Amino acid sequence: MQRALTCSLEEDLRPLVRFLRSRRVVHRVSEERGVQVVWVVDQATADAVKALYERGLDDIPNIAPQSVAETPARAYWRQSYRLIPATLLVLLATALVAVFTGLGSNIENVVLLTYTPLEASGYLAAQPDMQQWWRLITPIFIHFGLMHLAFNALWFWELGRRIEMRSGALWLLGLTLLIGVISNTAQWWWSGTSGLFGGLSGVLYGLLGYCWLYQLIAPNVYFALPKGVVIMMLAWLVLCMSGLITVLGFGAIANAAHVSGLLVGCLFGSIAGALQRRL
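Undergrad: Lay out a nonpolar patch on the surface with the relevant residues and their values.
TA: A contiguous nonpolar surface patch, about 370 Å² in accessible area, is contributed by Trp236, Leu239, Leu244 and Val247. Listing elements by their share of the nonpolar patch, those giving two or more residues are helix 10 (229–241) and helix 11 (244–247). Mapped onto the fold, Trp236 is located in helix 10. On the accessibility criterion, Trp236 (38% relative accessible area) is partly exposed.

Below is the structure:
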C-alpha cells in the first residue's frame, strides 16, 4: 500500500474517511510514531487523496454516517482481494487438500502427501523419497479435523495477508515454502516414522516470528499485531511442549515443526527488519 498523507494526531480526519468510504476507496488510517497516516492501494489514489486533503477538510462534502453504512462493500473487498493472491492461493490449496484427504480420515490419500511414502509393508518409509520432492512441502496442507483446519486457516489469513501487503506475493510464497520445508523436515527428524504429521501451524509460527522480530526492529503499520497475540501464541507453544494438550486428548502436537518454524521466522524477520531500517 502507498502512504497518501501524514498529519498530527489532533486533526479530525473523519470527514475525509467518510468521503473515501462513500467513494469505495480502499484505505486505512493508522497511528505511527506519533502521527496519523492514511494508506491507499496505489500511487495515483495517494496523489488524489493528498490533493483532496490539501484543499481543506472543510471543503470535503459532508457524507452522513448512515449513507456510508449503506454503501455496498463489494468494491472494497474486490480491491482488497487483488492485493493478497498468494494468501488466497495457499488457503485454496489447503481447502482442496482437506477435501481430498477427508480432513485426514482418508488415509489412502493422506499418505500420498506425507513427508515419506508408504512402503509395501504398509508402514511409512524410513527415509523421504527425494524423487517425490513435493512431499517436502505437502504436509503443511494436511489437516486432521475441522477445528485444526479452521484454526490454522484463520491464522494464515491474519498473518499471511499482512506480509503479502507489505512485501508482495512472491515474498510470502517464498517464506511459506521455506518455513514449510524446514519445519516438516525438523518434525520428521524428531518423530521419524512414529506417526503422521501435518498442518500449517509450523508455517504460522514462522510467520508470527517474522512479523514479531521485524516489528521490533523496523515498526510499520502492517506487522502491528494486537497486543497479547505473541504472548498468547508463545504460551500455547509452551503448553503444547509440556505434553498437557496431548494428555487432554487433543492428539499429538508437532512441536518440532512449531519450534523450528518460529526460529526460522524470527531469523528472517530480524534480517529483513534490519535491512529495512538501514534504508
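Undergrad: Can you explain the environment of Glu158? Please cite residues and give values.
TA: Along the chain, the position of Glu158 falls in helix 7 (residues 146–167). Along the sequence, Glu158 and Leu208 sit 50 residues apart, while their C-alpha atoms lie 9.9 Å from each other. Polar side-chain contacts of Glu158 include one of 3.3 Å to the side chain of Arg161.

Undergrad: Can you break down the packing of helix 9 (residues 201–217) against helix 10 residue by residue, with the values?
TA: Two elements in contact, helix 9 and helix 10, have axes whose closest approach is 11 Å; the angle formed by their N-to-C orientations is 140 degrees. One finds that helix 9 runs oblique with respect to helix 10. Taken as a pair, helix 9 and helix 10 cross one another with a handedness that is left-handed. Between helix 9 and helix 10, the residues in contact are Tyr205, Leu208 and Trp212 and Val229, Val230, Met233, Leu234, Trp236 and Leu237, respectively. Residue composition of the contact of helix 9 with helix 10, grouped by class: nine nonpolar, no polar and no charged.

Undergrad: Account for the sheet that holds strand 1 (residues 2–8), with residues named and values stated.
TA: Read across the open sheet, the three strands follow the order 1-3-2; overall the sheet is antiparallel. Where the open sheet ends on each side, the last strands, each with one partner, are strand 1 and strand 2 (27–32). Adjacent strand axes in the sheet meet at a mean angle of 25 degrees, parallel and antiparallel pairs treated alike. Sheet topology places strand 2 next to strand 3 (residues 35–40); six bridges connect them, and they run antiparallel.

Thresholds, definitions, all that
Residues numbered from 1 in each chain as written. Predicted model: local features only at pLDDT ≥ 70, side-chain atom pairs only at ≥ 80, totals over all residues. Heavy atoms only, no water. Patch = residues over 30% accessible without salt bridge, like charges linked within 9 Å, V, L, I, M, F, W, Y side chains within 5 Å. Areas by Shrake-Rupley, 256 points an atom, 1.4 Å probe, with all protein chains shown as cover. Salt bridge = Lys/Arg side-chain N within 4 Å of Asp/Glu carboxyl O. Helix = DSSP H or I, 4+ residues; strand = E, 2+ residues; numbered from the N terminus. Buried < 20%, exposed > 50% of the residue type's maximum accessible area, 1.4 Å probe, protein only. Polar contact = N/O pair within 3.5 Å; in protein donor to acceptor, adjacent residues only side chain to side chain. Axes fitted to C-alpha atoms, helices over the stretch in contact; angles between N-to-C directions. Parallel < 35°, antiparallel > 145°, perpendicular 65-115°, else oblique. Left-handed = near helix turned anticlockwise from the far one by under 90°. Contact = heavy atoms within 4.5 Å. Nonpolar A, V, L, I, M, F, W, Y, C, P; charged D, E, K, R; others polar. Pairing = 2+ DSSP bridges.

Remember, this is a structural readout, not a statement about activity or role.
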